[in-house]
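For reference, the chains in residue letters:
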Amino acid sequence: MKITILGCGALGQLWLSRLYQQGHDVQGWLRVPQPFCAVNVIEPQGASFNRNLPTNDPEHLAQSELLLVTLKAWQVSSAVSMLLPKLNPRCAILLLHNGMGTQDELPPNNQPILQGTTTHAARHDGSTIIHVASGTTHIGPTSPAAQSLSHLAEVLHEAMPDVAWHNNIASANWRKLAVNCVINPLTALYNCRNGDLQRYPEQIELICREVSSVMEMEGYHTSCEGLLQYVMEVIQSTADNVSSMLQDIRTQRHTEIDYITGYLLRRARSHGVTLPENARLFELIKRKENEYERIGAGLP
Ligand code: KPL
C-alpha cells in the first residue's frame, strides 16, 4: 500500500519503520523538506531499525491511499489543509493525536477521514526513537466516506498491534479525552510521572465528574465511576510515563491543552455549563505556556 506519514516525530517514525518492514511503500512528509528522513527506532525488546526513508515526493503523495497524520493537534489543520488539494479523492486521512476538534478546523472536503488514539509510547533520545511501551491504537470513521475502511485497521494491526476498529470512534475518543484531561495537566502541574497521580484521588474524581457530565450532554452514555475506573487503570498501566504535556512543558513547546481541556470547555460552554476544576487547570497550563512563549517571542 502507498502511504504518506505527515509528521516524522517519535510516533511518525515508529509507524514509518513498522509499515516499511511490512513491505508498504512509505514516505514521510516534512514541513521543512529534507532529502530523506533518518529513521532510527529501538523497540521495547531491544531490536533496532535504522534506515533513510524517502520524503516529500509529490507524485507519491498524489498516489497515496493513506495519509497518516501523527502531528500534534495544534499543527494538524494548517498542515493537512495544505496537502488536501494534492491528494487523490480516495486517499483516506487518519488523524492520530491527543485531544479532539481538529477536524472541525479543516476546510470542507470529501476525503474519507478517520480519527484515532493510541497508547503506544515513544520518545526521542537524541536522534533515536525509543519505543517505550506497546499499546493499542483505536481507529474509526468520522466521515461517511470512511465507514467502509475497516480493512485499514487490519493493515495497521499487522504493522504495529494492537489496532481496534470502532464504528463509533467518538465514544472511544471521549474516553481518551477524559484520560488526557486528568493525566496531562496534572502531571504538567505537579511535574511528576503518570503513576504519581495516584496521590490525588479527589482531584481526579472532580475532573472525571465534570467530563462525564459533558459526555452525557453530548449523548454518550457514561458514569463518573466508570470513567474514573478507566482513568485509574491508564494511570497504573502508564505509571512510568512522562506524559506528552509534561514533556512539552519541560522542553518549552506549545502544548495540546487547547484540544484537550480546551475542547471539553468549549463543548460545555455550548451546553451553557461551566466546569470550575477543568477551567482552573486550563488557566494554569496556559499561564505556564505563556510564560515561555512570551519570552521566546521577545515580549516583556
Ligand atoms: O496520551 C498520553 C499522553 O501522555 O499524552 C497518556 C495516555 C496520558 C500517556 O502518557
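A few points on the structure.

Where helix 9 (residues 261-270) contacts helix 10 (residues 276-296), the two axes come as close as 10 Å, and the packing angle between them is 140°. On the basis of their axis angle, the class for helix 9 and helix 10 is oblique. The hand of the helix 9/helix 10 crossing is left-handed. Counted together, Thr261, Gly262, Leu264 and Leu265 of helix 9 and Asn278, Ala279 and Phe282 of helix 10 form the full contact between these two elements. For the contact of helix 9 with helix 10, the residue count by class is four nonpolar, three polar and no charged.

Looking at the element boundaries, Ser81 is found in helix 3 (residues 73-83). For the pair formed by Ser81 and Glu105, sequence separation is 24 residues and the distance between their alpha carbons is 9.1 Å. With residues up to four places along the chain from it excluded, the contact list for Ser81 reads Val76, Leu106 and Pro107.

The strand order 4-3-9-8 describes an open sheet built from four strands, whose pairing is mixed. Both outer strands of the open sheet, strand 4 (48-54) and strand 8 (121-125), are each paired with one neighbouring strand and no more. The average angle at which neighbouring strand axes cross in this sheet is 30°, direction not considered. Here strand 8 pairs with strand 9 (residues 128-133) via five bridges, running antiparallel. Considered in strand 9, the bridge of His124 is made with Ile129. The strands touched by helix 1 (residues 10-21) within the sheet are strand 3 (36-42), strand 4, strand 8 and strand 9, with strand 3 carrying the most contacts at an inclination of about 90°.

Conventions and cut-offs
- Residues numbered from 1 in each chain as written.
- Predicted model: local features only at pLDDT ≥ 70, side-chain atom pairs only at ≥ 80, totals over all residues.
- Heavy atoms only, no water.
- Axes fitted to C-alpha atoms, helices over the stretch in contact; angles between N-to-C directions.
- Helix = DSSP H or I, 4+ residues; strand = E, 2+ residues; numbered from the N terminus.
- Parallel < 35°, antiparallel > 145°, perpendicular 65-115°, else oblique.
- Left-handed = near helix turned anticlockwise from the far one by under 90°.
- Contact = heavy atoms within 4.5 Å.
- Nonpolar A, V, L, I, M, F, W, Y, C, P; charged D, E, K, R; others polar.
- Pairing = 2+ DSSP bridges.

Shape is all these values report; function is a separate question.
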